[in-house]
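# Structure assessment
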Amino acid sequence: MNAASFIGVAACFMVVWFHMRNTLDKDLKELGTLKAVGYGGGQIVMSYVLQFLFLGLAGGMAGIGLSQCIMPAVIKNIATDIGFVWNTAFLGRAAGRNLLAVLLVIGAVTLFLSRGIFRIRPVEAIQERGKVQFSGRKGGMAMESSPFPVNLSIIFKMISSERIKSILTGVVISVIMCVAGFAVILYVRLVNDEGGMLQVTGTEVYSVNVQPSRPEDAAEIAREMEREGVRKVMLAVEPGSSRLLCDNGVYAALGVYSDYGALENPSLYAGRYPKHENETAISGNLAEALGKEIGDTIEVSQIFQEAAGEGTFLIVGLTQGTYTGGRDIYLTMEGLNLVDPGAQWQTVHIYLEEGVDAEEYCSRLEERFLDRISYAGGFERVFYSQLAPIISSVSGVVFFIMAVMFLLVIIMGYFVTNSILLTRKRDFGIMKALGYSNGQIISQTVVTFMLYIAGGSLLGGIALYFGFNAVLAGLFRGMGVYRLAFRFPAVWIVVLVLCMEAAGCLTAFLSAWKVRKIVPCSLIKAE
């Protein structure tokens, strides 16, 4: 979220940049008049600085107020779904510092862009023959040697004539594309794909959970359940059902399986699960808390029993997942008996074949085993129902991010198009005089911005393809996730790019529509 906020602020400064450029170009005659009647360049510059600082202050205060009205309710709802306690607090100092930093940058950007006011000559400005902004090197592409059609050559000429603006626009579009792309990937892989959510949670999902009335009967009950309709049966000490003390300082959620090789959703991201009594696999969060890695040893003890012992285990693997809080330790049953001699299997995990109804199967189990089992219930259905509120909250956050990113594209489309119209007035006037229609001129402006979006989306898409798993793993790292292997949703990203192109095209078209009302003579005299 910090990265998304930073990119959003950067895009806003880009919008301020274009708005400032457009304002200075549009006010050229007024600037010349002010200098002619005796106002100094510094006075005029300060008036623009104060104007934009006031706008920034008003917008910042409105944003802080809106966030305080909306975000606490949204975050509290998400925290409730996840199971965290959220205490709402107004971070006045942090908001004040952020607002001050934004205002300082706005002031610096305004001072930088308005420096050309000092060089304005009143006569040239009043006749609209001067310029506040200097775009640097012009041209770069000769029209007569271009292999493209005339209209397309003019578009490339407009892009290459102001390279700095073109590069900045493409970079901002690319980072907007990255943020929107991450939001799309979160939606596709966490909301639409059960496998993606399983990677994040690290949970082993099975069909039926059976708890024997007497733990010593667990192995016998498991053998009797291996019949038609059952793919496999596994004994377990349910992950998170008890805790062990590691290195006399950190508690970890215990998990034990009778056959780690048969797990269908192994949460390992390095090494392997324990095979011998002196081996263990621990979560990445626990390894960081203890300063351990694969090959180190760890002291484990059971603090809740007086007769419990203590064991030293070799770390052979690192796991990940959010299901039990991110700090887990996995042992073999023989290893657990070194710490807790009285430990026994607690549950039987049953994996049903496809098409077998879990509720009906549980009813038959209760009739068959009578008082030998204390509980039999479907786990898979309960697990996904528990995730439903979290998935809903993720969907809401994703759509909010997407809405903000599309709003930024629309705002940028408006200001970039206006900038093109203001800086290319004379060229458009000559084109109109030569017989170009309004539609051709408008289409050139629209296609120019669409090419910005296409180039930025291409750069953003490439960065997204090679880095999205690493960035998402970093996003979930605090929750215990260290490595993800999400498939890149190419079709969804293409649809996202097309939607951005459509939004940019419509915005640029509406902004450029004003050209039809301007006569060639007034456009040619614009410079």
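Going by the structure above, here's the rest.
Residues numbered from 1 in each chain as written. Predicted model: local features only at pLDDT ≥ 70, side-chain atom pairs only at ≥ 80, totals over all residues. Heavy atoms only, no water.

## Some points on the overall build of the protein
The number of helices and strands found in the protein is 17 helices and eleven strands. Burial analysis of the protein (527 residues in total) assigns 46% to the buried set. Counting only contacts in the protein whose residues sit at least 6 apart along the sequence, the fraction spanning at least 24 positions is 79%. (Helix = DSSP H or I, 4+ residues; strand = E, 2+ residues; numbered from the N terminus. Buried < 20%, exposed > 50% of the residue type's maximum accessible area, 1.4 Å probe, protein only. Contact = heavy atoms within 4.5 Å.)

## Details of the pairing of strand β10 (residues 347-352)
Of all six residues making up β10, six are buried, and the element is well covered by its neighbours. As paired strands, strand β1 (residues 208-212) and β10 are joined by three bridges and run antiparallel to one another. Directly across from Val210, in β10, lies its bridge partner Val348. Pairing between strand β2 (residues 230-237) and β10: six bridges, direction antiparallel. (Pairing = 2+ DSSP bridges.)

## Quick notes on helix α16 (residues 490-512)
Its 23 residues place the ends of α16 32 Å apart at the C-alpha level, agreeing with the 33 Å of an ideal helix rising 1.5 Å per residue. Every buried residue of α16 is listed here: Ile493, Leu496, Val497, Met500, Glu501, Ala503, Gly504, Thr507, Ala508, Ser511 and Ala512. (Expected span 1.5 Å × (residues − 1).)

## With respect to the pattern of salt bridges
Under the definition given, this model contains twelve salt bridges. Taking the shortest distance from any N to any O, the salt bridge between Arg189 and Asp193 comes out at 3.7 Å. Taken together, the shared-partner salt bridges in this structure form one network comprising Arg214, Glu216 and Asp217. (Salt bridge = Lys/Arg side-chain N within 4 Å of Asp/Glu carboxyl O.)

## Notes on the environment of Ile373
Residue position: Ile373 is located in strand β11 (residues 373-378). Given a relative accessible area of 8%, Ile373 falls into the buried group. In this structure the C-alpha to C-alpha distance between Ile373 and Arg214, which are 159 residues apart in sequence, comes to 7.7 Å. Residues within four places of Ile373 in sequence aside, it is in contact with Val210, Gln211, Pro212, Ser213, Ile221, Leu365 and Glu366.

## Here we look at the side chain of Thr417
Along the polypeptide, Thr417 turns up in helix α13 (residues 380-423). Residue classification places Thr417 among the buried residues on the basis of a relative accessible area of 0%.

## A closer look at the packing of aromatic side chains
Counted by the stated rule, this structure contains 15 aromatic pairs. With centroids separated by 5.1 Å and ring planes inclined at 90°, the aromatic side chains of Tyr465 and Phe466 adopt a geometry described as edge-to-face. A relative accessible area of 70% places Phe466 in the exposed class. Ring pairs connect the aromatic residues Tyr206, Tyr351, Phe379, Phe383 and Tyr384, which therefore count as one cluster. (Phe/Tyr/Trp six-rings, centres within 6.5 Å; stacked < 30°, edge-to-face > 60°.)

## Quick notes on a nonpolar patch on the surface
Taken together, the side chains of Leu458, Ile462, Tyr465 and Phe466 make up a nonpolar region of the molecular surface, amounting to roughly 490 Å² of accessible area. Considering the arrangement of structural elements, one finds Tyr465 in helix α15 (residues 438-475). According to the relative accessible area criterion, Tyr465 is partly exposed, its value standing at 47%. (Patch = residues over 30% accessible without salt bridge, like charges linked within 9 Å, V, L, I, M, F, W, Y side chains within 5 Å. Areas by Shrake-Rupley, 256 points an atom, 1.4 Å probe, with all protein chains shown as cover.)

## Here we look at the environment of Phe449
Within the secondary structure layout, Phe449 lies in helix α15. When its relative accessible area of 0% is taken as the criterion, Phe449 is described as buried. Other than its neighbours up to four places away in sequence, Phe449 contacts Val409, Met412, Gly413, Val416, Gly504 and Ala508.

## Comments concerning helix α2 (residues 28-36)
Listed in full, the buried residues belonging to α2 are Leu28, Leu31, Gly32 and Lys35. Each buried residue of α2 sits inside an arc of 100° when the element is viewed along its axis, so together they form one side. Phi turns positive, to about 115°, at Gly38, one or two residues after α2. (Arc of directions from axis to C-beta.)

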